[in-house]
Amino acid sequence: MYDNEAIELDEQDPLYDEEKDGKYILSSHQQPVTKNFIDAEAKAIYGPVLTIMEFKHQISGCLQEYFDSCDIEEVIQTLEELRCQEYHAEVIKRAVSLSLDRSPRERELVSRLFTCLHPRPLADEDMVRGFDILLNSMDDLMTDVPDAVTMVANFVARAVVDEVLSPAYLSEQNNSRPGDPVVEKAVSLLSREHCNARLERVWGPGDGRPVEELKVEMDQLLQEFLLSRELDEAARCVKELGCGHYMHELVKRGVKLAMEEDGKNHETQHTKSAMDAMAVLYAFLVKNAIISERQVSKGVSRLHGILDDLKLDIPAAATLLADFEKMLRAEGCFESKTTDE
């Protein structure tokens with residue numbers, strides 16, 4: 001058959017598909033990671049919608065706006081709309097590199113952004129790959145920012161403290177990058193006395209109160225609520241915190257506090273009053289639009305990430321957490337999935 005000879009298509013062929021000029025499906029012989037749907041074409045395509053360069057351009061613009069607006073939800077929405085999960089690791093490198101030649105305010109905003117993007121829409125593997133990309137680009141960053149090693153080390157150490165990166169990440173990097181100045185500096189920062197408190201203030205006051213101060217206020221209001229069970233007063237205190245993007249920390253700390261109280265006599269005590277009260281509180285906050293279902297789900301997801309540690313002090317932690325999720329679902333204030341797919 002000659003190359004220019006037209007091939008007649010058999011409409012009875014089970015693989016036949018109606019031809020449309022300029023309209024096609026991109027596919028792979030491998031199992032696709034994501035599947036996107038183009039409404040205008042009524043066609044599915046496999047893989048990212050944008051090229052890597054297009055994605056970087058879109059994210060750069062989004063981050064520039066974030067530095068002005070501090071609107072984390074807008075960043076999350078943009079990532080979801082771009083539908084390029086394969087490129088999510090690039091967000092880490094792009095955010096850090098954009099903040100290096102700016103003020104401590106922007107660097108604090110980036111650190112807080114990472115805590116809100118993890119574990120959704122950026123999963124553990126996205127964070128790891130993102131920081132790998134960042135470490136691999138240090139030569140270029142140091143050309144433009146001489147103090148890049150110190151600042152990137154601060155970002156890495158802060159990510160470990162914020163539970164965005166596992167402490168094991170630095171151990172793995174020590175093995176694969178012996179003598180790497182960023183890794184050594186980050187390990188040194190995490191080895192200091194009171195390192196958590198120091199690193200939570202590593203960028204100075206940033207754009208608001210220190211994270212450690214915020215956590216203390218959360219603990220106080222949660223403890224007062226468990227004593228008083230006054231929903232309106234607790235809701236007022238939560239509003240005054242003024243940190244809608246960080247409410248997953250409130251959920252995590254509240255559930256952990258209730259676990260500690262109910263877990264003491266879990267084998268003999270069938271009524272879990274503190275856990276019940278905490279579920280009622282979060283349902284009340286969600287229904288009054290004080291916190292979002294996303295923040296509740298993220299707080300529970302973070303608890304799953306530290307469940308092994310929790311079980312050391314609270315043997316019944318897994319059962320208590322599972323029961324708590326059921327209570328949240330019954331209250332209608334919990335997203336159906338708490339972990340990344």
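Residues numbered from 1 in each chain as written. Predicted model: local features only at pLDDT ≥ 70, side-chain atom pairs only at ≥ 80, totals over all residues. Heavy atoms only, no water.

Caption draft 1: The arrangement of the overall build of the protein in detail. Each helix and strand in the protein was counted, giving 17 helices and two strands. The 341 residues of the protein split such that 45% are buried. Looking at the protein alone, contacts between residues at least 24 apart form 72% of all its contacts between residues at least 6 apart. Surface exposure of the protein reaches about 18400 Å², of which carbon and sulfur atoms provide 48%. (Helix = DSSP H or I, 4+ residues; strand = E, 2+ residues; numbered from the N terminus. Buried < 20%, exposed > 50% of the residue type's maximum accessible area, 1.4 Å probe, protein only. Contact = heavy atoms within 4.5 Å. Areas by Shrake-Rupley, 256 points an atom, 1.4 Å probe, with all protein chains shown as cover.)

Caption draft 2: Geometry of the packing of aromatic side chains. As enumerated under the stated definition, the model contains five aromatic pairs in all. Ring geometry for F55 and Y87: centres 5.5 Å apart, planes at 55°, overall tilted. With F55 in helix 1 (residues 52-69) and Y87 in the loop between helix 2 (72-82) and helix 3 (89-100), this pair connects stretches of sequence that are 32 residues apart. Residue class for Y87 comes out buried when judged on its relative accessible area of 17%. (Phe/Tyr/Trp six-rings, centres within 6.5 Å; stacked < 30°, edge-to-face > 60°.)

Caption draft 3: Geometry of the pattern of salt bridges. Per the stated rule, a full pass over the model turns up 18 salt bridges. Among the salt bridges present, the one from E233 reaches R236, with a minimum N-O distance of 2.5 Å. Here E233 and its partner R236 are both found in helix 12 (residues 231-241), three residues apart, which amounts to about one turn of the helix. You can call E233 partly exposed: its relative accessible area is 35%. Exposure remark for R236: the relative accessible area of 39% places this residue in the partly exposed category. (Salt bridge = Lys/Arg side-chain N within 4 Å of Asp/Glu carboxyl O.)

Caption draft 4: Here's a closer look at the confidence of the model for the protein. With 79% of its residues at a pLDDT of 70 or more, the protein has an overall mean of 82. Strand 1 (residues 35-38) is the least confidently modelled element of the protein, averaging 50 in pLDDT, while helix 3 averages 96, the highest of any element. pLDDT under 50 marks residues 19-35. Its contacts with residues more than four places away, or in other chains, come to 17 contacts. Confidence drops under pLDDT 50 across residues 37-42; counting only partners more than four residues distant or on other chains, this segment forms eight contacts. (pLDDT = per-residue confidence, 0-100.)

Caption draft 5: Focus on the nonpolar core. Judged by nonpolar contacts, the single largest core of 55 residues is most densely connected at L100, F114, F131 and V152. The greatest single-element share of this core, amounting to eleven residues, is contributed by helix 7 (residues 148-161). (Core = buried A, V, L, I, M, F, W, Y, C linked by side-chain atoms within 4.5 Å.)

Caption draft 6: Structural detail: the environment of E108. Tracing the backbone through its elements, the reader meets E108 in helix 4 (residues 104-117). Along the primary structure E108 and E200 are separated by 92 residues, whereas in three dimensions their C-alpha atoms are 9.2 Å apart. In this structure the side chain of E108 is engaged in a polar contact, spanning 3.0 Å, whose partner is the side chain of R158. (Polar contact = N/O pair within 3.5 Å; in protein donor to acceptor, adjacent residues only side chain to side chain.)

Caption draft 7: Summary view of unusual backbone geometry. Note the cis peptide between H118 and P119, where omega equals 5°. In this structure, P119 sits in the loop between helix 4 and helix 5 (124-136). For the peptide bond that leads from R120 to P121, omega is 5°, which places it in the cis range. Counting through the fold element by element, P121 comes out in the loop between helix 4 and helix 5. The residue R83 is not glycine, and still its phi comes out positive at about 55°. Relative to the elements of secondary structure, R83 occurs in the loop between helix 2 and helix 3. Residue class for R83 comes out partly exposed when judged on its relative accessible area of 35%. The phi dihedral of R229 falls on the positive side, at around 60°, and the residue is not glycine. In this structure, R229 sits in the loop between helix 11 (211-228) and helix 12. Residue class for R229 comes out partly exposed when judged on its relative accessible area of 37%.

Caption draft 8: Just helix 9 (residues 181-191), in detail. Among all positions of helix 9, only V182, V183, A186 and L189 are buried. Seen along its axis, helix 9 keeps its buried residues to an arc of 125°; they face one direction. Next to the buried residues of helix 9 lie helix 5, helix 6 (138-144), helix 7, helix 8 (168-176) and helix 10 (195-200). Its side-chain oxygen 2.9 Å from the backbone nitrogen of V182, D180 forms the N-cap of helix 9. (Arc of directions from axis to C-beta.)

Caption draft 9: Geometry of the environment of Q85. Note that Q85 resides in the loop between helix 2 and helix 3. The partly exposed category is assigned to Q85, whose relative accessible area is 34%.

Caption draft 10: How the structure looks around the side chain of S137. Of note, S137 is situated in the loop between helix 5 and helix 6. Residue classification places S137 among the buried positions, given a relative accessible area of 10%. For S137, the side chain forms a polar contact with the main-chain oxygen of L134, separated by 2.8 Å.

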